[in-house]
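# Examining the three-dimensional arrangement
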Amino acid sequence: MGDARAVTEPYLQILREVPPAGPGVCRICHTGTDGPFELCATCRITTQGLHRHTEHVVPVSLCVRDGDGAQLHAIVTRRRDPPGSLRRVPFLAATLARFHQAHAACLTRLAGGPFTMVTTLPGTSLDRPVEVFAPMPRVVDLVGDLRRLHRPVLLPGSAAAAENLARRRPDERAFQVMGRVDGARVLLVDDLFVSGAHVQSAASALHLAGARSVVALVIARLVFPRANGNTARIWGRASAERFSFDRCCCSGAPTVDRATDFG
Ligand SMILES: [Zn+2]
Ligand SMILES: [Zn+2]
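Quick notes on the rules
- Residues numbered from 1 in each chain as written.
- Chains lettered and ligands numbered in written order.
- Predicted model: local features only at pLDDT ≥ 70, side-chain atom pairs only at ≥ 80, totals over all residues.
- Heavy atoms only, no water.
- Core = buried A, V, L, I, M, F, W, Y, C linked by side-chain atoms within 4.5 Å.
- Buried < 20%, exposed > 50% of the residue type's maximum accessible area, 1.4 Å probe, protein only.
- Helix = DSSP H or I, 4+ residues; strand = E, 2+ residues; numbered from the N terminus.
- Contact = heavy atoms within 4.5 Å.
- Donors = N, O, S within 2.8 Å, 3.2 Å for Na, K, Ca; no water.
- Salt bridge = Lys/Arg side-chain N within 4 Å of Asp/Glu carboxyl O.
- Arc of directions from axis to C-beta.
- Tetrahedral: all angles 85-135°; square planar, octahedral: opposite > 155°, others 65-115°.
- Pairing = 2+ DSSP bridges.

Once that is clear, we can look at the nonpolar core. Where a protein is soluble and globular, its nonpolar side chains tend to be buried together. Core analysis: the biggest nonpolar cluster contains 54 residues, and Val58, Leu96, Leu187, Val215 and Leu217 have the highest contact counts within it. At the level of elements, β1 (57-63), α3 (71-77), α4 (88-111), α5 (136-141), β5 (185-193), β6 (213-222) and α9 (229-240) are the ones that each hand at least two residues to this core. Tallying contributions element by element places α4 first for this core, with 12 residues. In this view, leucine 217 contacts Val58, Val60, Leu96, Phe99, Leu107, Leu187, Leu188, Val189 and Asp190; residues no more than four positions away in its chain are not counted. By size, the runner-up hydrophobic cluster in this structure holds 32 residues, among which are Ile28, Cys43, Leu154 and Phe175.

This is the structure:
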């Protein structure tokens, strides 16, 4: 991915910055909360009843389903390449590579130490549009830093549990982990975060199999600006500002590990 900057630079306008956690911003998934809660309405549901969820979800960009700001959602959820010269898998890989290069230190800090494994979610995705297919193993394998640690240890689990995920309810039995992953620090990479039921259930399954920490890195966090005032405010601000790979939601300040040239 030597040309991650060149691939992504013409498309900065389709990316939307993710705010750090804080008043009105969910501490897990970074969308807007309603009222006095630290967690948004969906995270309050998707963290219940699991062995152990992850507190660390790092979206590269926000997106919406319709109107201005929907381009990223369209790229992530469509099987075909969009019109024009943009190719879907290389674009997602370049986006991931550029963000990871700039924020590897942030992600490592959240994990409590260097990652020992990178993994992706298998396609159990009943709550996603039917046209979605799962490109993430291919995407991860195009990113040198991630390919090195990539191990596809997650498999679909019980069908009944997958139906719970389809209803946006978490259920760690929806995933099986191949073997033990004792002591692993796992970077769980996915393309689209909607409710978090998949990511949180997979995180819990990984913890049950022995993982020490799980950090979820997702390319797009779908938000619903009309859900509440805080989400409307977050989306309005993200849409008004130019996206920069120099910033992330892991803290309020620009990171010290500046994006360097790719090559
Ligand atoms: Zn949330
Ligand atoms: Zn960062």
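Now, onward.
Moving on to the coordination of the zinc ion (ligand 2). Protein coordination at the zinc ion (ligand 2) comes from His103 (ND1), Cys106 (SG) and Cys248 (SG), with a distance range of 2.1 to 2.2 Å. Along the chain, the residues donating to the zinc ion (ligand 2) fall in the pattern H-x2-C-x141-C. Of the two residues, histidine 103 and cysteine 106 both sit in helix α4, three residues apart, roughly one turn of that helix. Grouping residues by exposure puts histidine 103 and cysteine 106 together as buried.

Under the defined criterion, the tally for this structure stands at nine salt bridges. Across the pair aspartate 34 and arginine 44 runs a salt bridge whose closest N-O atoms are separated by 3.4 Å. Residue aspartate 34 is found in the loop between α1 (4-8) and α2 (41-46), and its partner arginine 44 is found in helix α2; the two are separated by 10 residues along the sequence. Residue class for arginine 44 comes out partly exposed when judged on its relative accessible area of 27%. Measuring nitrogen to oxygen at the nearest pair gives 2.8 Å for the salt bridge that ties aspartate 171 to arginine 173. Under the relative-accessibility criterion, arginine 173 is labelled exposed at 56%. If you follow the salt bridges from partner to partner, you end up with Arg27, Glu38 and Glu55 in one network.

Turning next to helix α7 (residues 159-166). Taken together, the buried positions of α7 are Ala161, Ala162, Asn164 and Leu165. When α7 is viewed along its axis, its buried side chains cluster within an angular range of 150 degrees and face the same direction. Facing away from the buried side of α7 by over 90 degrees, the exposed positions are Ala159 and Ala160. Against the buried residues of α7 lie β4 (175-177) and α8 (197-208). Once α7 ends, the next one or two residues include arginine 168, with phi positive near 65 degrees.

Here the focus is the environment of alanine 184. Tracing the chain through its elements places alanine 184 in the loop between β4 and β5. The class for alanine 184 is buried, based on a relative accessible area of 6%. In this structure, the C-alpha to C-alpha distance between alanine 184 and proline 90, residues 94 residues apart in sequence, is 28 Å.

On to the coordination of the zinc ion (ligand 1). Surrounding the zinc ion (ligand 1) are the protein donor atoms Cys26 (SG), Cys29 (SG), Cys40 (SG) and Cys43 (SG), at 2.3 Å. Here the zinc ion (ligand 1) binds four donor atoms, and the angle range of 99 to 118 degrees at the metal identifies the geometry as tetrahedral. In the primary sequence, the donor residues of the zinc ion (ligand 1) line up as C-x2-C-x10-C-x2-C. One end of the pair, cysteine 29, is in the loop between α1 and α2; the other, cysteine 40, is in the loop between α1 and α2, with 11 residues separating them in the sequence. Across the pair, cysteine 40 and cysteine 29 agree in class, each one buried.

Glancing now at the pairing of β6. In terms of burial, β6 is a largely internal element, 10 of the 10 residues being buried. Looking at chain direction, β1 and β6 are connected through six bridges and run parallel. The residue of β6 that forms the bridge with cysteine 63 is leucine 222. As paired strands, β5 and β6 are joined by eight bridges and run parallel to one another.

Right, let's talk about the side chain of arginine 221 for a bit. Counting through the fold element by element, arginine 221 comes out in strand β6. Non-local contacts of arginine 221, meaning those with residues more than four positions away in its chain, are made with Cys29, Thr31, Cys40, Thr42, Pro59, Ser61, Leu62, Cys63, Phe193 and Val194.

Without other data, these values stay purely geometric and don't point to any function.
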